[in-house]
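Read off the chains here:
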Amino acid sequence: MMQPPDVPTTFRFGDFELDVAGYSLRRGGQQVRLERHPMDLLILLVQRRRELVSRNDIVERLWGPGVFVDADMGVNTAIRKIRQVLGDAPETPAFVETVSGKGYRFIAEVEAVHPAAALSASRAVTLAVLEGGPERELPGF
């Protein structure tokens, strides 16, 4: 499913970049491996940053209605894996805050990168390279 042009598809927080459209997480430009449920949960938390996301919302988003799983264990495992990858601690969270008995909240500062802005930045770099002039020799050409 394609995102509307004004919906951010990349989020930056700390040393991390979460590419929703590309379904990837990078730290310092390096790919970080995160399984499907923790990745889906991280995307949900970041998209709803600063909001309390209830455990029920998480279960519905990750497993859908009517699926019989140990939801508490599944949510706890996904949160633990997110914290492990982000280097976050439940006692002193920098990214994911636990609201006891309620749910979770993404608390880090997040920069949302809109596709148009990313494309514009990419075009600016391309233009800067091309403006070197026709006499400028590009490596490998």
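Values in this document were obtained by computation on a predicted structure and should not be read as measured data. (Residues numbered from 1 in each chain as written. Predicted model: local features only at pLDDT ≥ 70, side-chain atom pairs only at ≥ 80, totals over all residues. Heavy atoms only, no water.)

Novice: Any chance you could explain the confidence of the model for the protein chain here in plain terms?
Specialist: Should the pLDDT be low somewhere, the predicted coordinates at that spot are not to be read in detail. Residues at a pLDDT of 70 or more form 74% of the protein chain, whose mean pLDDT is 82. Taken element by element, the predicted model of the protein chain shows its lowest mean pLDDT in helix α4 (residues 115-130) (47) and its highest in strand β7 (residues 103-106) (98). Counting contacts from residues 118-141, a segment whose pLDDT is below 50, to residues more than four positions away or on other chains yields 3 contacts. (pLDDT = per-residue confidence, 0-100. Helix = DSSP H or I, 4+ residues; strand = E, 2+ residues; numbered from the N terminus. Contact = heavy atoms within 4.5 Å.)

Novice: Can you help me understand helix α1 (residues 36-47) in this one?
Specialist: Because an α-helix completes one turn every 3.6 residues, residues spaced three or four positions apart along the sequence face the same direction. For α1, built from 12 residues, the straight-helix expectation of 16 Å at 1.5 Å per residue is met to within 8% by its first-to-last C-alpha distance of 16 Å. What α1 keeps buried is the set Pro38, Met39, Asp40, Leu41, Leu42, Ile43, Leu44, Leu45 and Val46. (Expected span 1.5 Å × (residues − 1). Buried < 20%, exposed > 50% of the residue type's maximum accessible area, 1.4 Å probe, protein only.)

Novice: I'm lost on the pattern of salt bridges in this one. Help?
Specialist: Any two side chains of opposite charge can pair, so long as their charged atoms come close to each other. For the coordinates displayed, the defined rule picks out 11 salt bridges. Measuring nitrogen to oxygen at the nearest pair gives 3.6 Å for the salt bridge that ties arginine 12 to glutamate 111. Here arginine 12, found in strand β1 (residues 10-13), pairs with glutamate 111, found in strand β8 (residues 111-113); they are 99 residues apart in sequence, far enough to count as distant. For arginine 12, a relative accessible area of 34% gives the class partly exposed. For glutamate 109, the salt bridge goes to arginine 50, with nearest N and O atoms at 2.7 Å. In this pair, glutamate 109 sits in the loop between β7 and β8 while arginine 50 sits in the loop between α1 and β5 (53-54), placing the two residues 59 residues apart along the sequence. Note on arginine 50: relative accessible area 47%, which makes it partly exposed. Through salt bridges with shared partners, a single ionic network connects Arg12, Glu17, Arg26 and Glu111. (Salt bridge = Lys/Arg side-chain N within 4 Å of Asp/Glu carboxyl O.)

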